[in-house]
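Observations on the model geometry
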Amino acid sequence: MNSRVDVAAADNGPDNGPDNAPDNGADNAPDNGLEVVIVVRCGCDSGRCGRRVGVVYAEGSRLTLVNDRGTAGQSAPPVPRQVIPADFQGSADLVACPGTRFWVPFTAFKEHYEGYLGSGRRRPVELRLGTGAACDPVTLVCGTRPELIKCGPLIRYFGERVSVIYTGQHYDSSMYDQILRDIARPGRFHELALGGTRRGRQLGAAIAAVDEILGGAPPAAVLVQGDTTSALAGALAANANNLPLVHVEAGLRSYDRAMPEEHNRVAIDHLSDLCCAPTELNRRNLLVEKVPAQRIVVTGNTVVEALRTAAPDSAARDGMLSRLGLAADGYVVATIHRPENVDDRHNLELILRELAALPLPVVVPAHPRMVRRVAEFGLAALLDGLRVVEPLAYPAFLALVSGAAVVVSDSGGIQEEVSVLKRPVVVVRRSTERPEIEGTFGTLVPPGPRIHQEVLRWLDDVPARRAQLAAIPSPYGDGSPSARIAAAVRRLVAPPVMSAPMVAAT
Ligand code: UDP
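The paragraphs below set out a description of the structure included in this document. This is a predicted model, so every value here is computed, not measured.

In this section: the overall build of the protein. Assigned secondary structure in the protein consists of 16 helices and 21 strands. Counting every position in the protein, which comprises 506 residues, the buried fraction comes to 56%. By sequence separation, contacts in the protein at least 24 residues apart represent 70% of the contacts at least 6 residues apart. For the protein, the exposed surface amounts to about 20500 Å²; the carbon and sulfur share of it is 52%.

Laid out in structure tokens, this is it:
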């Protein structure tokens, strides 16, 4: 079989901000072939090997591995993009390093194939490209409602090229069933049932289970989002498998060490090969901690895309409000679920009393954790003055928030969403990792009388305050974060082309 071997145009370089044009590297391949970079990466546990151990060249049906190892002091050979016919099928013996395991991501920009060499010194490998080829370039590890919501745009963007491992950290189906239906559950969806146990136990079980899946079918990269136990488990399992790790929503810091999530964020950021920071502030937080600049890309937050896709139009919103007997700007939405608020009887009681005393109807889509604690602490009577409803599907929840006069919440994601929906939020927390909205869309208050005071402040002259907020851009970006993240992932798994000539196949 004849094949052309080309060196492709240089990479577009780093993508540094939400306003940069999307990376076009994916679209450069000619139609008569697949533009691929074939890099062999070492999966050994010794820690001695670098990630990249060689480059595979394909000529005709011959594959040749040019090894990077054993060349101390010399720089690695260049990695060309090669154009291979779409129906390419070839096989060869690849000479591997003694005693190491290899996995080979064949990263094509139009199609994708992954092979696994297994252990040993000399292994046959078969490479098949074309539309029927297996493809699994990235694996996303997550386990909660907000992760599913925020990863929805990425899952859609990667399509068939993503597999998802859902740990079941949020195990109440009201928290994730509907979201999965909305984002179109991916074909490869591993659902684990690891929720409902202590944090340490859950973490250990999730690392072991994710490790097993990654070891069986190593992807080109592992993605985790945010700061949950599931995200940390995914990060550690990726690290244990020597797989490139991507942290979506990197660089958030509350500097509050009493928050388990703060430890998770710091650990994941420092384990990651690519930190996708939503804002410039997040990038600076990482730089202060000596995360190398080349590991960071500012992408905006995928929540903006998720929200734009899911938010119903104003007619649907008004219909929903009238079914609930609510008038736009005539009610408050409250969500409370964080351990510092609901696991502490005193704080939970203070918050519920403050909400019940507000002069407007208060709608509470109740998080299962709050419901459990209210029952355990014997506080059910305090719900009588509130309109408590089941957790809402994401579009319905967005409709509710977009018509609210004020939102009261301890949620992370809602702090971001109000900046797109242009509504004010009273954030009931000790600290926040999202200071970007402080003083504009949000005010941080502790449980207690300041909740009431702040809500009343926002209710004073609603139209004027609304007009003020409408003029403030969301700090979480306005573009296509998932395209930026995907472009950065491509650059991570397929290193930039160098200008040196092709190394001859031997
Ligand atoms: N949310 C939802 N339905 C609800 C309440 C919240 O879809 O009834 C969404 C909300 O819009 C946000 C996310 O759930 O995107 C927030 O989840 P949560 O507050 O549980 O977690 P956090 O953001 O604090 O991590």
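On to the sheet that holds strand β15 (residues 296-298). The seven strands are arranged β11-β10-β9-β12-β13-β14-β15 in an open sheet whose pairing can be described as parallel. Both outer strands of the open sheet, β11 (188-191) and β15, are each paired with one neighbouring strand and no more. Sheet twist, expressed as the average angle between the axes of neighbouring strands with direction ignored, equals 20°. With three bridges connecting them, strand β14 (residues 274-277) and β15 associate as parallel partners. Looking at the pairing, Cys276 lines up with Val297 of β15. On top of the sheet, helix α16 (residues 481-493) reaches β9 (138-142), β12 (221-225), β13 (245-248), β14 and β15; it is set at about 165° to β14, its chief contact.

This part takes up the environment of Ser480. Its location among the elements puts Ser480 in the loop between α15 (462-470) and α16. Classification of Ser480 as partly exposed rests on a relative accessible area of 36%. Along the chain, Ser480 and Thr302 lie 178 residues apart, while their C-alpha atoms are 7.7 Å from each other.

Disulfides are covalent bonds that connect the sulfur atoms of two cysteines. Evaluation of the coordinates by the stated rule reveals zero disulfides. Unpaired in terms of disulfides, Cys151 finds its nearest cysteine sulfur in Cys142, a separation of 5.7 Å. Classification of Cys151 by relative accessible area gives buried; the value is 1%. Looking at the unpaired Cys275, the closest cysteine sulfur is the one in Cys276, lying at 7.7 Å. Judged by relative accessible area, Cys275 falls into the buried class, the value being 0%.

In this structure, Lys290 takes a positive phi of about 70° despite not being glycine. Positionally, Lys290 belongs in the loop between α6 (280-288) and β15. Assessed through its relative accessible area of 72%, Lys290 is described here as exposed. The phi dihedral of Lys422 is positive, around 60°, even though this residue is not glycine. Looking at the element boundaries, Lys422 is found in the loop between α13 (412-421) and β20 (425-428). Judged by relative accessible area, which is 18%, Lys422 ranks as buried.

Scoring rules and cut-offs
Residues numbered from 1 in each chain as written. Predicted model: local features only at pLDDT ≥ 70, side-chain atom pairs only at ≥ 80, totals over all residues. Heavy atoms only, no water. Helix = DSSP H or I, 4+ residues; strand = E, 2+ residues; numbered from the N terminus. Buried < 20%, exposed > 50% of the residue type's maximum accessible area, 1.4 Å probe, protein only. Contact = heavy atoms within 4.5 Å. Areas by Shrake-Rupley, 256 points an atom, 1.4 Å probe, with all protein chains shown as cover. Pairing = 2+ DSSP bridges. Axes fitted to C-alpha atoms, helices over the stretch in contact; angles between N-to-C directions. Disulfide = S-S within 2.5 Å.

Without other data, these values stay purely geometric and don't point to any function.
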